Amino acid sequence: MTESDPDGMITVVRSEKAIQAMDFWLRNPDYLADEILTMVDDGRLGAEYIEHARNLLDTPEPDLRWYPMPRWLYGAYEPLDDAFAFLELYGLAKVGRVGTPGNKPQRSQFFLTAKGAAGVAEMGSDPLLGWYVSHAELVEAVVDGDNGKVLKERQYAQRTYAETELGSTIAPITSRVRARLDQHTEQATEQEAP
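For every chain, the first residue of its written sequence is number 1, and the numbers climb from 1 along that sequence. The predicted nature of this model means local features are confined to residues of pLDDT at least 70 and side-chain atom pairs, given and counted, to a pLDDT of 80 or more, with totals for whole chains, interfaces and linings taken over all residues. Derived side-chain values reflect all non-hydrogen atoms in the structure, with water molecules and hydrogen atoms excluded from consideration.

**Quick look at the pairing of strand 5 (residues 107-113)**
The rule is simple: take the accessible area with a 1.4 Å probe, protein chains only, and divide by the maximum for that residue type; under 20% is buried, over 50% is exposed, in between is partly exposed. Put simply, DSSP marks the helices as runs of H or I at least four residues long and the strands as runs of E at least two long, and each gets a number from the N terminus on. Counting buried positions along strand 5 gives five out of seven residues, so the element sits mostly inside the fold. Two strands pair under a simple rule: DSSP has to find at least two bridges between them. Judged from the six bridges that link them, strand 4 (residues 93-98) and strand 5 form a sheet pairing that is antiparallel. Its bridge partner lying in strand 5, Arg 97 is registered against Ser 108.

Now the structure itself:
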């Protein structure tokens, strides 16, 4: 946060590309699980995250709320105006723009208000909605500080994602991720064997 940011904001994401990438992982638990496995294999996440990846595929809540996104020129994208209009209406979030039309490119910034942060904390303790906060925490772990460009590059490394025709829905990769999870289980069993 900087002094020029609006008062009462808790945190900000200064890139729509990053928000779109995070939204894709949030709405596609199979892709999120696959990214977790990749990061475990690379040593960027601990082995305890394998269970989180498995839960993403085995617990019913994320699957029931799987919400596909279409692929456009810069990857998975959907307009955020309606969603943020709703959040702004209730004082939970705010969108700001920086830049000068015609001189400097304008860029959107997405702020979380104090009321929004309180809402997230309340949602996290709700037995029906808590999964959403846990899922968002996994997305945060996967983002690992990377900017929007890098996040999109990581998503484009998925062949199914990259080969989706423009304007078409990005297909699930659940069966491939389950196979990777099974491989991890077999390797762990072999390592535990005497």
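From this point on, the discussion continues.
**Description of the pattern of salt bridges**
Salt bridges, as used here, are contacts in which a Lys or Arg side-chain nitrogen is within 4 Å of a carboxyl oxygen on Asp or Glu. A complete count under the given rule lists twelve salt bridges for this structure. The salt bridge partner of Arg 44 is Asp 42, with a shortest N-O separation of 3.5 Å. A relative accessible area of 37% places Arg 44 in the partly exposed class. With a shortest N-O distance of 2.9 Å, Arg 178 and Asp 58 are connected by a salt bridge. Here Asp 58 lies in helix 3 (residues 49-58) and Arg 178 lies in helix 10 (residues 174-192), a separation of 120 residues in the sequence. One network of salt bridges, with partners in common, ties together Asp 34, Asp 41, Arg 176 and Arg 180.

**Focus on the sheet that holds strand 5**
Taken together, the three strands give an open sheet; going across it, the order is 1-5-4, and neighbouring strands pair in antiparallel fashion. The sheet terminates laterally at strand 1 (9-13) and strand 4, the two strands that pair on one side only. Each neighbouring strand pair of the sheet contributes to a mean axis angle of 30 degrees, computed without reference to strand direction. Strand direction decides the pairing type here: strand 1 and strand 5, joined by four bridges, are antiparallel. Its bridge partner being in strand 5, Val 13 is matched across the sheet by Phe 110. Residues are treated as being in contact if the distance between any of their heavy atoms lies within 4.5 Å. Axes here mean lines fitted to C-alpha atoms, for a helix over just the part in contact, with angles spanning 0 to 180 degrees between N-to-C directions. Sheet contacts for helix 6 (residues 114-124): strand 1 and strand 5; angle to strand 5, the most-contacted strand, approximately 60 degrees.

**Here's the deal with the nonpolar core**
The criterion is simple. A nonpolar core is a set of buried Ala, Val, Leu, Ile, Met, Phe, Trp, Tyr and Cys residues joined through side-chain atoms within 4.5 Å. Ranked by internal contacts, the top residues of the largest apolar core, which has 31 residues, are Phe 24, Trp 25, Leu 32 and Ile 36. Secondary-structure elements contributing two or more residues to this core are helix 1 (16-27), helix 2 (29-41), helix 3, helix 7 (130-143) and helix 10. What Leu 32 contacts, discounting residues up to four positions off in sequence, is Trp 25, Leu 56, His 135, Leu 138, Val 139 and Val 142. If you look at the next biggest cluster of nonpolar residues, it comprises five residues, including Ile 19, Leu 80, Phe 84 and Phe 110.

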